[in-house]
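Chains, contacts and geometry: an overview
Each chain, written out:
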Amino acid sequence: MRLIAVRSKAMARAAAAEETGMTAVLGGAEPEVLAALETHGLTPANINATGQIVAAGTRAQLDALAADPPAGARLRPLSVAGAFHSPHMAPAVDALRAAAAGVTIADPAIPLLSNLDGAAVASGADWLERIITQVSAPVRWADCMRTMADLGTSAFIELLPGGTLTGLARRALPGVATLALKTPDDLAAGRSLLAEHGTQNPHDSGHVPEWRLLVAPQDGTFRADGEGGPLAPGVSVSSGAPLGHVEVRSGQHAIAPSFPATIVEWLVEDGDPVNVGQPLVRLLPDGSE
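What counts and what doesn't
- Residues numbered from 1 in each chain as written.
- Predicted model: local features only at pLDDT ≥ 70, side-chain atom pairs only at ≥ 80, totals over all residues.
- Heavy atoms only, no water.
- Pairing = 2+ DSSP bridges.
- Helix = DSSP H or I, 4+ residues; strand = E, 2+ residues; numbered from the N terminus.
- Axes fitted to C-alpha atoms, helices over the stretch in contact; angles between N-to-C directions.
- Parallel < 35°, antiparallel > 145°, perpendicular 65-115°, else oblique.
- Contact = heavy atoms within 4.5 Å.
- Nonpolar A, V, L, I, M, F, W, Y, C, P; charged D, E, K, R; others polar.
- Salt bridge = Lys/Arg side-chain N within 4 Å of Asp/Glu carboxyl O.
- Buried < 20%, exposed > 50% of the residue type's maximum accessible area, 1.4 Å probe, protein only.
- Core = buried A, V, L, I, M, F, W, Y, C linked by side-chain atoms within 4.5 Å.

Some details on the sheet that holds strand β1 (residues 20–27)
Read from one edge to the other, the open sheet built from 4 strands follows the order β2-β3-β1-β4, with strand pairing classed as antiparallel. Looking at the sheet topology across the chains shown, the edges are occupied by β2 (43–49) and β4 (73–77). Taken over all neighbouring pairs, the strand axes of this sheet differ in orientation by 25° on average, direction set aside. Sheet topology note: the β1/β4 ladder contains 5 bridges and is antiparallel. Looking across to β4, one finds that leucine 26 is bridged to arginine 74.

Set out below in structure tokens:
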């Protein structure tokens, strides 16, 4: 979680250094799409599935692509702050590598697939290196789904806020049961799917996180209660204590724990736009070690 905070802030700084963005290229022949991106100096930042590639680069490069799109392709500009998973994020890689220098990491207790190339990763050191370099490298989600098929995957559960990856999996993994977790009401279906497919319980390894997350209940803007901003890490809060709220047109949705806890880390700042299900703050419940 500490590395995620460093990563997000470093990516925001890199995005602010130059006007960049991303555009989804839907349809068209993949070789022709990739050739068009190379012609305009763009990076295929996300290779999500057949017929779905996301281009990343400067605003001028994206405008040039829009004026000369690949044959048979539709272009959809994305509402993002920068050219993520492209060389424009190189400064964020350096910041993340420096932050990771003192991290001790164990080997994965369950199989992990890397978006870097779709490979199954068994080494913790290899995994750490991959998530560092991935910041400026393309996301190869299509390769991950191919690995899932090769491993005999029979069920696919997308964690919240879910939906996009489940849609891709339905097309790329025919015959595989899929479920997108969008609200707590979906948890029962998730448990049933795990039981039906005989999936290993990841908690059997003993890796149960002692901390908890509070997430955004709605799309909106996060606001800290009080003038001083969010309560500082290390502050103890009681059950039901207001930590802030998500502001929407229809009103406010309070952010409060249902248990006494200590604030470990804020993952958003006052005024940040948030999406439903987005983690807001990490808490250590009282009695945890």
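Having seen the structure, we can now continue with the description.
Details of the packing of helix α4 (residues 90–100) against helix α5 (residues 124–133)
Following both chains from N to C, one finds α4 and α5 inclined at 150°, their axes separated by 9 Å at the closest point. The orientation of α4 relative to α5 falls into the category roughly antiparallel. Of α5, the residues touching α4 (which contributes Val93, Leu96, Arg97 and Ala100) are Leu128, Glu129, Ile131, Ile132 and Thr133. In the contact of α4 with α5, the residues fall into 6 nonpolar, 1 polar and 2 charged.

A closer look at the pattern of salt bridges
Proximity of charged atoms lets side chains of opposite charge pair with each other. Throughout the structure, instances matching the rule amount to 6 salt bridges. Between aspartate 143 and arginine 146 there is a salt bridge, and its shortest N-O distance comes to 2.4 Å. Note that aspartate 143 and arginine 146 are positioned in helix α6 (residues 141–150) at a spacing of 3 residues, about one turn of the helix. We note a salt bridge from arginine 282 to glutamate 265, for which the minimum N-O separation is 3.3 Å. Highlighted residues: arginine 282 in strand β16 (residues 279–285) and glutamate 265 in strand β14 (residues 261–266), separated in sequence by 17 residues. In terms of burial, arginine 282 and glutamate 265 fall into one category: buried.

Digging into the nonpolar core
Met11, Met22, Phe84, Met89, Ile132 and Val135 are the most contacted members of the largest nonpolar core, which totals 21 residues. Of all the elements in the fold, those that place two or more residues in this core are α1 (2–16), β1, β3 (52–58), α4 and α5. In terms of residue count, the dominant contributor to this core is α1 (5 residues).

Any functional reading would require information that these geometric values do not contain.
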